[in-house]
Amino acid sequence: IYFGFLNGVISDFALQYPDIRMEVTFPNRWVDLTTEPFDLDIRVGELPDSNLRSRRLYTISAGVYAAPGLMEFYPEPEDPDDLRKMPCLGMHHLAGSWRLRHKDEERKIPLNFVHSLNSGALIAEFLVAGIGVALVPARIMQPFEKYGLVKRLLPEWSSPEGDISVVMPSGQVPHRVRLFVDYLVAHFSSPEIASVADIETLLLARFNRNPTNMKNG
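Just so it is clear, the structure is predicted and the values come from calculations on it, not from any experiment.

About the thresholds
Residues numbered from 1 in each chain as written. Predicted model: local features only at pLDDT ≥ 70, side-chain atom pairs only at ≥ 80, totals over all residues. Heavy atoms only, no water. Helix = DSSP H or I, 4+ residues; strand = E, 2+ residues; numbered from the N terminus. Buried < 20%, exposed > 50% of the residue type's maximum accessible area, 1.4 Å probe, protein only. Polar contact = N/O pair within 3.5 Å; in protein donor to acceptor, adjacent residues only side chain to side chain. Contact = heavy atoms within 4.5 Å. Expected span 1.5 Å × (residues − 1). Arc of directions from axis to C-beta. pLDDT = per-residue confidence, 0-100. Salt bridge = Lys/Arg side-chain N within 4 Å of Asp/Glu carboxyl O.

Along the chain, Arg43 turns up in strand β1 (residues 41-44). A relative accessible area of 6% places Arg43 in the buried class. Polar side-chain contacts of Arg43 include one of 2.8 Å to the backbone oxygen of Val31. When sequence neighbours within four positions are dropped, the list of residues in contact with Arg43 reads Trp30, Val31, Leu33, Leu52, Asp163, Ile164, Ser165 and Val167.

It is worth spelling out helix α5 (residues 175-188) at this point. With 14 residues, α5 ought to run about 20 Å at 1.5 Å a step, and its terminal C-alpha atoms sit 20 Å apart, in line with that. Restricting attention to buried positions, one finds in α5 the residues Val177, Phe180, Val181, Leu184, His187 and Phe188. Here the buried residues of α5 occupy an arc of 120 degrees about the axis, which is enough to place them on one side. Exposed side chains of α5 directed beyond 90 degrees from the buried face belong to His175 and Ala186.

Bringing the confidence of the model for the protein into the picture now. Averaged over all residues, the pLDDT of the protein equals 85, while 84% of them reach at least 70. Averaged pLDDT values for the elements of the protein fall to 45 in helix α7 (residues 211-216) and rise to 97 in strand β9 (residues 151-153). In this model residues 209-217 is a low-confidence stretch, pLDDT under 50, and it forms 14 contacts with partners more than four residues away in sequence or in other chains.

For the rest of this paragraph, the subject is the pattern of salt bridges. This model, assessed by the stated rule, comprises 10 salt bridges. Lys151 is the partner of Glu76 in a salt bridge, and the nearest nitrogen-oxygen pair spans 3.2 Å. Of this pair, Glu76 sits in the loop between β3 (62-66) and β4 (88-91) while Lys151 sits in strand β9, placing them 75 residues apart in sequence. Residue class for Lys151 comes out partly exposed when judged on its relative accessible area of 31%. Residue Asp81 is joined to Arg107 by a salt bridge in which the shortest nitrogen-to-oxygen separation is 3.2 Å. Placement of the pair is Asp81 in the loop between β3 and β4 and Arg107 in strand β6 (residues 105-110), with a sequence separation of 26 residues. In the salt-bridge network here, residues are joined through shared partners; they are Asp79, Asp81, Glu105 and Arg107.

In structure tokens:
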């Protein structure tokens, strides 16, 4: 979730509130706010009923993307089942399948992932490098599409929508936590959550490529 959605927001908050000491971790699970020493947790997906307090920050939906170079070796998929014939990249939590929806139809597509990763930035690297097809939030992919680095497959199909929420223990919220939650709300209200500058930084640092040149030819 950090890549494309939280880029810069935590460090900006630290600069604006230097007296607030932060401890930030990125575990690959939802932390237990009743037994673990965390003030809050940022979660993606449907929240179970609990005594925890929550606030929805953003709603995301993912599409299927591939690099144009990869598509030189595969026919354009016309149906979600065609993805089973293509090299697909998975996130650890997806458990070997993608759920895709078109209007009132929802399909679960079992896939044998060629690579299973737990980092959105790494998925983006593999995707742009042409290693495989990926199911990625459409909002993150907009700058990649702008530079012609990826193309969307099966554009009428997308994942079911999921919420990004901030969750806190019940009870009185400390002032420092309220400040950070308000900062998150303001950030996610911005139309430029995933900035082109962040994508350019990724491309220059990890691919040693100039995205402007790539766009121009």
